[in-house]
Amino acid sequence: MFKVIDGGITAPKGFKAAGVHAGLKKMKKDMALIVSDVPAVTAAAFTTNKVKAAPVLWDISVLAGGEAQAVVVNSGNANACTGVKGLEDAKETAGYAASKLGLRQDKVYVSSTGVIGVPLDMAKIKGGIDELIPALSSDGADAADAILTTDTFRKEAAAVADIGGVAVTIAGMAKGSGMIHPNMATMLSYITTDAMIDQKTLQELLGNTVEDTFNMISVDGDTSTNDSVIVLANGLAGNVKITESYGYEAFEEAFRFVLGELAKDIVKDGEGAGRFIEMTVLNALTKKDAKVLARSVVSSSLVKAAFFGSDANWGRILCAMGYSGADFEPSLVDLSFSSPAGELLVVKGGEPVKFDEDKAKKILLEKEVKVMADCHQGTESATAWGCDLTYDYVKINGDYRS
């Protein structure tokens, strides 16, 4: 078991953070810095998009070293599709921060998010770093604000796990609102922990957890050039080192909770979203089938549009399952909707069930709606999260650069 706590990226021992306005945006905070007091074991996952932004390319080299101590983040400019100069700027950002912090350049991650195809203003980046360092604190709440773009709220989560009688804290912050789709999306997420853990174990845990959290969300079907999840584990909790054979289950449970909460917050803050959709597939033949089916439903524009209209158009859900490519038998499927307003079975054994349209409308008018599809074929299950597709999504993305 683990305990959920209030707190952000600096909740674990030995971490400081800050967020400032460096001028990359007109008014809002736009640069953040996270620093560990000591070198930290690191793990990371990056975008699957073939077009990778310059900071992602730099960060892949940092990850290869297995240790890091700081992360510099800017919002307002993605530093993507910026050629050789973009990569030079990412390296220069890491180098400048390292020189000011007394660290090696290859121990500093760099992240960027914002408009693609515009070179970084390095004078503002360096000026931001100069402001960030003296602003570092164990509070660090401003960092969670500084990484946001079209987000409407700060995304943070924290939990404490008991590892052999030692309290180990895991915390995270994230940004993401649009260009969100399975296999990483326009999202940045930073996880800190004071756990002592084997690097190989941490990387494998992150990979597995991303599959069940960030890779199970969809807002609009687009994936980005900058997506990154970066983990720093500095060992200052003083626990016996976590490995696959010691302390793993307790740590994994808390770790999955933190990443899961951040993933769900990203969907809840989907651009223009008014409704949060949780899609669960039960009793599928394989885990892969369950995941593919669930993700196909939350990724469907027609399903999203139906939820925007609070329309119990279950045919769109079965249709999305049908073209997913997963193996299932439609004639065995049960389908139901539920929310705080009640529960409603709409399909039984692949055939329609007569239902009260007024009751359906009340259930689907709630802010959070659950859909459940029971395949009655196997024992595997999976859950994916999505949101409705609204007029505001088009408005937000129609003038993103202006």
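Residues numbered from 1 in each chain as written. Predicted model: local features only at pLDDT ≥ 70, side-chain atom pairs only at ≥ 80, totals over all residues. Heavy atoms only, no water.

*Asks:* Which residues make up a negative patch on the surface, and what values go with them?
*Replies:* A surface patch of like charges, here negative, comprises D311, D356, E357 and D358. Relative to the helices and strands, D358 resides in helix α10 (residues 357-364). Overall, D358 belongs to the exposed group, its relative accessible area being 59%. (Patch = residues over 30% accessible without salt bridge, like charges linked within 9 Å, V, L, I, M, F, W, Y side chains within 5 Å. Areas by Shrake-Rupley, 256 points an atom, 1.4 Å probe, with all protein chains shown as cover. Salt bridge = Lys/Arg side-chain N within 4 Å of Asp/Glu carboxyl O. Lys, Arg positive; Asp, Glu negative; His and termini not counted. Charge placed at Lys NZ, Arg CZ, Asp CG, Glu CD. Helix = DSSP H or I, 4+ residues; strand = E, 2+ residues; numbered from the N terminus. Buried < 20%, exposed > 50% of the residue type's maximum accessible area, 1.4 Å probe, protein only.)

*Asks:* Kindly report on the environment of G350, identifying the contributing residues and their values.
*Replies:* Within the fold, G350 resides in the loop between β13 (342-348) and β14 (351-352). Considered as a pair, G350 and P39 are 311 residues apart in the sequence and their alpha carbons are 56 Å apart. With residues near it in sequence (within four places) discarded, G350 still touches P330, S331, L332 and V333. (Contact = heavy atoms within 4.5 Å.)

*Asks:* A description of empty space enclosed by the protein should follow, citing residues and the corresponding values.
*Replies:* Counting across every chain of the model gives one cavity of 30 Å³ or more. What the largest cavity holds in volume is close to 40 Å³. V303, A306, F307, D311, A312, N313, R316, I317 and F337 together form the lining of the largest cavity. Sorting the residues of the lining of the largest cavity by element identifies α8 (301-308) and α9 (314-322) as the ones contributing at least two each. At three residues, α8 tops the list of elements feeding residues into the lining of the largest cavity. Tallied by class, residues from the lining of the largest cavity come to six nonpolar, one polar and two charged. (1 Å grid on protein atoms, 1.4 Å probe; cavity = no way out; pocket = protein on both sides within 12 Å on 5 of 7 lines; lining within 4 Å. Points joined across faces, edges and corners; volume = space filled by probe spheres on them. Nonpolar A, V, L, I, M, F, W, Y, C, P; charged D, E, K, R; others polar.)

*Asks:* Please provide a residue-by-residue account of unusual backbone geometry, values included.
*Replies:* Phi is positive for N283, close to 55 degrees, though the residue is something other than glycine. Considering the arrangement of structural elements, one finds N283 in strand β11 (residues 276-284). Given a relative accessible area of 26%, N283 falls into the partly exposed group. Positive phi, normally seen in glycine, also occurs at H376, with a value near 55 degrees. By the element assignment, H376 lies in the loop between β15 (368-374) and β16 (380-387).

*Asks:* Lay out helix α7 (residues 287-299) in plain terms, naming residues and giving numbers.
*Replies:* At 3.6 residues per turn, the α-helix brings residues three or four places apart onto the same side. Between the first and last C-alpha of α7 there are 18 Å, a value that for 13 residues agrees with the 18 Å anticipated at 1.5 Å per step. Listed in full, the buried residues belonging to α7 are D289, A290, K291, L293, A294, R295, S296, V297 and V298. Close packing links the buried residues of α7 with α5 (199-212), β9 (217-218), β11, α8, α9 and β16. (Expected span 1.5 Å × (residues − 1).)

*Asks:* Provide a residue-level description of helix α1 (residues 54-65), including the pertinent values.
*Replies:* Burial in α1 covers these residues: A54, P55, V56, W58, D59, V62 and L63. Close packing links the buried residues of α1 with β3 (31-46), β4 (67-77), α2 (83-101), β5 (108-115), α5 and β10 (228-233). One or two residues past the end of α1 sits G66, with phi positive at roughly 85 degrees.

*Asks:* Which residues make up the nonpolar core, and what values do they have?
*Replies:* Counting 73 residues, the largest nonpolar core has F251, F255 and F337 as its most contacted members. Considering every element that reaches this core, the biggest residue donor is helix α6 (residues 248-268), with 10 residues. The contacts of F251, once residues within four sequence positions are left out, are A161, I163, V168, I170, T193, A195, I197, L202, L205 and I242. Formed by 50 residues, the second largest nonpolar core is a distinct cluster that contains V20, L63, A90 and L188. (Core = buried A, V, L, I, M, F, W, Y, C linked by side-chain atoms within 4.5 Å.)

*Asks:* With reference to specific residues and values, describe the state of the cysteines.
*Replies:* One pass over the full model with this rule turns up zero disulfides. The cysteine C375 is free of any disulfide, with C319 supplying the nearest cysteine sulfur at 15 Å. The exposure class assigned to C375 is buried, which follows from its relative accessible area of 1%. (Disulfide = S-S within 2.5 Å.)

*Asks:* I'd love a proper account of the packing of α1 against α2, names of residues and values included.
*Replies:* If you want to describe how two helices pack, look at the angle between their axes and the distance between the axes. For the pair α1 and α2, the least separation of the axes is 8 Å and the interaxial angle reads 55 degrees. Viewed along their axes, α1 and α2 adopt a mutual orientation that is oblique. For α1 against α2, the interelement crossing comes out right-handed. Only G86, L87, A90, K91 and A94 of α2 make contact with α1, whose side of the interface consists of A54, P55, L57 and W58. Class assignment for the residues of the contact of α1 with α2 results in seven nonpolar, one polar and one charged. (Axes fitted to C-alpha atoms, helices over the stretch in contact; angles between N-to-C directions. Parallel < 35°, antiparallel > 145°, perpendicular 65-115°, else oblique. Left-handed = near helix turned anticlockwise from the far one by under 90°.)

*Asks:* Please give an account of the sheet that holds β13 that cites residues and values.
*Replies:* Strand order in the open sheet made by the seven strands is β9-β16-β11-β15-β12-β13-β14, with mixed pairing throughout. Here the strands that pair on one side only, and so sit at the sheet edges, are β9 and β14. Sheet analysis places strand β12 (residues 334-339) next to β15, joined by five bridges and oriented antiparallel. Directly across from S338, in β15, lies its bridge partner K370. Packing of α7 onto the sheet brings it into contact with β9, β11 and β16, and relative to β16 it is tilted by some 20 degrees. (Pairing = 2+ DSSP bridges.)

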